[in-house]
Amino acid sequence: MKKKGITLIHGNASANLAEEISRHLNIPLTDVLVTKFKDGEIRVQIKENIRGSDVFIIQSTNPPADNLLELLFLADAAKRASAKRITAVIPYFGYARQDRKDQPRVPISAKVVADLIEAVGVDRVLTLDLHADQIQGFFDVPVDNLFVTPVMKEYFGELDAKEWTVVAPDVGATKRARAIARKLGNLPLALIDKRRPEPNVAEVLHVIGNVENKRLLILDDIIDTGNTIVVAAQKLKELGALEIKVAAAHALFSDNAEEKLCKAPLDEVVITNSIEHKRKFNMKKLKILSVAPLLAEAIRRIHEEESVSALFI
Ligand code: R5P
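So, here is what we can say about the structure in this document. (Residues numbered from 1 in each chain as written. Predicted model: local features only at pLDDT ≥ 70, side-chain atom pairs only at ≥ 80, totals over all residues. Heavy atoms only, no water.)

Attention shifts here to the overall build of the protein chain. Broken down by element type, the protein chain carries eight helices and 14 strands. The C-alpha atoms of the protein chain give a radius of gyration of 20 Å, which matches the 20 Å a tight globule of 313 residues would have. Along the three orthogonal principal directions, the C-alpha set of the protein chain runs to about 60 × 40 × 35 Å. Each of the 313 residues in the protein chain was classed as buried or not, and the buried ones make up 54%. (Helix = DSSP H or I, 4+ residues; strand = E, 2+ residues; numbered from the N terminus. Rg over C-alpha atoms; globule rule 2.2 N^0.38 Å. Buried < 20%, exposed > 50% of the residue type's maximum accessible area, 1.4 Å probe, protein only.)

Put into structure tokens, the structure is as follows:
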């Protein structure tokens, strides 16, 4: 049996984060084989005895879909190896943006993914900044949806409410932005009325709130192509912002996001390591914060059957 009865397993999407979590908990990672057959099919084997153990599988499910498959196969392997309980630790829960039937003949991808995760025997889910809170309801098992707020709070500290305003880049981001604005010193809030003429294309229609001669912190859950942030920053600069920073929980950085963010009128781009990238970023204004301490503490509390709600701040 592993120390304290916890088994930490990870797939290829979250290898570095898992190592960091393991260091925080002082529990070694369990030896797992996650490789491929010659044709590209995923092959998984847990190399140690995990019978009766409290198993945490750390794996983000950003594209490619192989990341999701690795999580599913690892969970199935753990169940068949007689794990006592399996928690899927999903720092970034992918396929979350199609979370309702808002157009004819579209799937609810987030529900499909939730069903798959449950079908392989996962007993609970620990995740971070779900794109939409209601995705928790797509699961019948418990879901702990933590927020990166404490990580951002530690980095930004207390900001002066006379100088700083938090900006929600679209209506969906308002609740999250308001929560962080409160934590960073009851900062005022401004809202952007954003339109998406097509997926990944963003247009700013209006800015609600005073941004002139202000220092601004734009808060979003995801930076994908960077288009939302870039058009927001351009508009805010036009309206007389003094300084503009952006903070986001999850950085997909698809397309040429890095290049666009570099050129945009942004003073700092703050993200977390919920999604790991193979390439190194060459952006001086980029700051990557670690969510490992937060996830490690949540894992410890789940294992010890302690309340996790203290971390929902
Ligand atoms: C949208 O609802 C999300 O909260 C993000 O604003 C969006 O995913 C960002 O995408 P992009 O960077 O491609 O504009």
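Lining the immediate environment of the ligand, one finds 15 residues, of which Asp220, Asp221, Thr225, Gly226 and Thr228 sit closest. A distance of 3.1 Å separates an oxygen atom of the ligand from a polar side-chain atom of Asn200. Surface burial for the ligand is 91%, taken as the share of its 380 Å² of free accessible area covered by protein chains. Counting only elements with at least two residues in the shell around the ligand, the list comes to strand E11 (215–223) and helix H6 (227–238). Taken together, the residues of the shell around the ligand sort by class into two nonpolar, six polar and seven charged. (Near = heavy atom within 4 Å. Polar contact = N/O pair within 3.5 Å; in protein donor to acceptor, adjacent residues only side chain to side chain. Areas by Shrake-Rupley, 256 points an atom, 1.4 Å probe, with all protein chains shown as cover. Nonpolar A, V, L, I, M, F, W, Y, C, P; charged D, E, K, R; others polar.)

A few words now on the packing of helix H2 (residues 66–80) against helix H3 (residues 109–119). Here H2 crosses H3 at 25°, and the two axes come no closer than 9 Å. When the axes of H2 and H3 are compared, the pair comes out roughly parallel. On the side of H2, the interface is formed by Leu68, Leu71, Leu72 and Lys79, while H3 contributes Val113, Leu116, Ile117 and Ala119. Residue composition of the contact of H2 with H3, grouped by class: seven nonpolar, no polar and one charged. (Axes fitted to C-alpha atoms, helices over the stretch in contact; angles between N-to-C directions. Parallel < 35°, antiparallel > 145°, perpendicular 65-115°, else oblique. Contact = heavy atoms within 4.5 Å.)

Turning to the pattern of salt bridges, a few remarks are in order. Scanning the entire structure with this criterion turns up 25 salt bridges. Its salt-bridge partner being Asp54, residue Arg85 comes within 2.9 Å of it at the nearest N-O pair. In this pair, Arg85 sits in strand E5 (residues 85–90) while Asp54 sits in strand E4 (residues 54–58), placing the two residues 31 residues apart along the sequence. Asp54 gets classed as buried once you look at its relative accessible area, which sits at 1%. Asp115 is the partner of Lys111 in a salt bridge, and the nearest nitrogen-oxygen pair spans 2.8 Å. Taken together, the positions of Lys111 and Asp115, both in helix H3 and four residues apart, correspond to about one turn of that helix. Three or more residues are tied together by salt bridges with common partners; here these are Glu163, Arg215, Glu243, Lys245 and Glu268. (Salt bridge = Lys/Arg side-chain N within 4 Å of Asp/Glu carboxyl O.)

Further remarks concern the packing of aromatic side chains. Applying the stated criterion across every chain yields a total of three aromatic pairs. On the numbers, 5.1 Å between centres and 80° between planes, the contact of Phe253 with Phe281 is edge-to-face. With Phe253 in the loop between strand E12 (243–251) and helix H7 (257–263) and Phe281 in the loop between strand E13 (268–272) and strand E14 (286–289), this pair connects stretches of sequence that are 28 residues apart. For Phe253, a relative accessible area of 2% puts it in the buried group. (Phe/Tyr/Trp six-rings, centres within 6.5 Å; stacked < 30°, edge-to-face > 60°.)

The subject of this paragraph is unusual backbone geometry. The omega angle of the peptide bond from Pro63 to Pro64 is 5°, so this bond is cis rather than trans. Here the phi dihedral of Asn26 falls at roughly 60°; this positive angle occurs in a residue that is not glycine. According to the relative accessible area criterion, Asn26 is exposed, its value standing at 53%. The phi angle at Asn186 is positive, at roughly 50°, despite the residue not being glycine. On the secondary structure map, Asn186 appears in the loop between helix H5 (174–183) and strand E9 (189–195). Classification of Asn186 by relative accessible area gives exposed; the value is 59%.

Everything listed is a geometric property; what it means functionally is a separate question.
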